[in-house]
Amino acid sequence: METLQNVLTRRSAIRLASPAPSDEELLRLVAAAMTAPDHGRLLPWHLLTLRGVAREKLGQTYASCAGRDVNLRRRAAAKPLRAPLLIAIVFSPVEHPKIPEWEQLAATVAAVHTLALLLHDRGYGCIWRTGEVLEDEGVRSLHEVKPGERLLGWLYTGTAIDTPPSRPSPDAQSRLRAL
Ligand SMILES: Cc1cc2nc3c(=O)[nH]c(=O)nc-3n(C[C@H](O)[C@H](O)[C@H](O)COP(=O)(O)O)c2cc1C
């Protein structure tokens, strides 16, 4: 796909079904996403894939965050099952004399968005999902998030079921001016 076309047609996909990329295909895409700009080449992030039972485990952890109400717990447990593959994003900033944490976060987001564009290029859909559960100790521990690291959410990944509603064209002029 031509780059401009890729960027213009990428959308967050809310409803996702199989197929999702295999581990092998995903590894190739992650290798390509690692070329995103990254001051100092610190690669201050890693990804975790959750498929099948791992998604169910995450659902159970969500349910325990949802309180006692059975319906709320059931709904929470089903959330990670909305896509065949969840790619968890873990931010691992390092102490660096010249590269502050915000730059490391920027590099991480650049890599994640590059991955989203590459998934789109391969015909897959995804959506970056976050929420209060990111701070939950059970969720952090399931993802083996260490002190000083931060779980940034998940790329829910698969094949988009719906055509997304159109979005307004961005008003680029309001965001770009000469000094
Ligand atoms: C850091 C980040 C977190 C996001 N978290 C959520 C989320 O929790 N739930 C959700 O529905 N969308 C989430 N999104 C997706 C945005 O809602 C989506 O990108 C936005 O609505 C624009 O839609 P588009 O990607 O189709 O252009 C997130 C996006 C980013 C970049």
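Here the structure is a predicted model, which is why all the values come from computation and not from measurement.

Some details on the packing of helix H3 (residues 52–65) against helix H4 (residues 70–78)
Reasoning step 1: Where H3 meets H4, the closest approach of the two axes is 7 Å, and the angle between their N-to-C directions is 150°. Note that H3 runs across H4; the crossing there is right-handed. In contact with Gly59, Tyr62, Ala63 and Ser64 of H3, H4 contributes Arg73, Ala76 and Ala77.
Reasoning step 2: For the contact of H3 with H4, a count of residues per class yields four nonpolar, two polar and one charged.

Things to note about the site of the ligand
Reasoning step 1: The environment of the ligand is formed by Arg10, Arg11, Ser12, Ile127, Trp128, Arg129, Thr130 and Arg167.
Reasoning step 2: The separation between a nitrogen atom of the ligand and a polar main-chain atom of Trp128 is 2.9 Å.
Reasoning step 3: The protein chains hide 52% of the 630 Å² of surface that the ligand would expose on its own.
Reasoning step 4: Looking at the shell around the ligand, its residues break down into two nonpolar, two polar and four charged.

Things to note about the pairing of strand S3 (residues 85–91)
Remark: a regular strand shows side chains that alternate across the two faces of the sheet.
Reasoning step 1: Taken across its seven residues, S3 has seven buried, putting it largely inside the fold.
Reasoning step 2: Burial along S3 is two-sided: Leu85, Ile87, Ile89 and Phe91 facing one way and Leu86, Ala88 and Val90 facing the other are all buried.
Reasoning step 3: When strand S2 (residues 45–50) meets S3, the two strands line up antiparallel, connected through six bridges. The partner of Thr49 across the bridge, within S3, is Ile87.

What counts, and at which threshold
- Counting restarts for each chain: residues are numbered from 1 in the order of the written sequence.
- Since the coordinates come from a predicted model, pLDDT governs what is reported: local features require at least 70, and pairs of side-chain atoms require 80 or more to be given and counted, while whole-chain, interface and lining totals use all residues.
- To obtain the side-chain values, all non-hydrogen atoms of the structure were included, while hydrogens and water were left out.
- Only the stretch in contact is used when a helix axis is fitted, and all axes are lines through C-alpha atoms; the angle between N-to-C directions ranges over 0 to 180 degrees.
- Each helix is a run of H or I in the DSSP string that is no shorter than four residues. Each strand is a run of E no shorter than two, and both are numbered from the N terminus.
- Crossings are classed by handedness, with left-handed meaning an anticlockwise turn of the near helix from the far one by less than a right angle and right-handed meaning a clockwise turn.
- Residues are treated as being in contact if the distance between any of their heavy atoms lies within 4.5 Å.
- Amino acids are sorted into nonpolar (Ala, Val, Leu, Ile, Met, Phe, Trp, Tyr, Cys and Pro), charged (Asp, Glu, Lys and Arg) and polar (every other residue, Gly among them).
- Near, as used in this document, describes a residue that has one of its heavy atoms within 4 Å of the molecule or strand being considered.
- Under this definition, polar contacts are N or O atom pairs within 3.5 Å; protein pairs additionally need one hydrogen-donor-capable and one acceptor-capable atom, and for neighbouring residues in sequence, both atoms have to be side-chain atoms.
- With residues, only the protein chains shown are counted as cover, and all accessible areas are computed by Shrake-Rupley using a 1.4 Å probe.
- Only protein chains enter the calculation, and the probe is 1.4 Å; a residue is then buried if its accessible area is under 20% of its type maximum, exposed if over 50%, and partly exposed in between.
- Strand pairing follows a simple DSSP-based rule, namely that at least 2 bridges must link the two strands.

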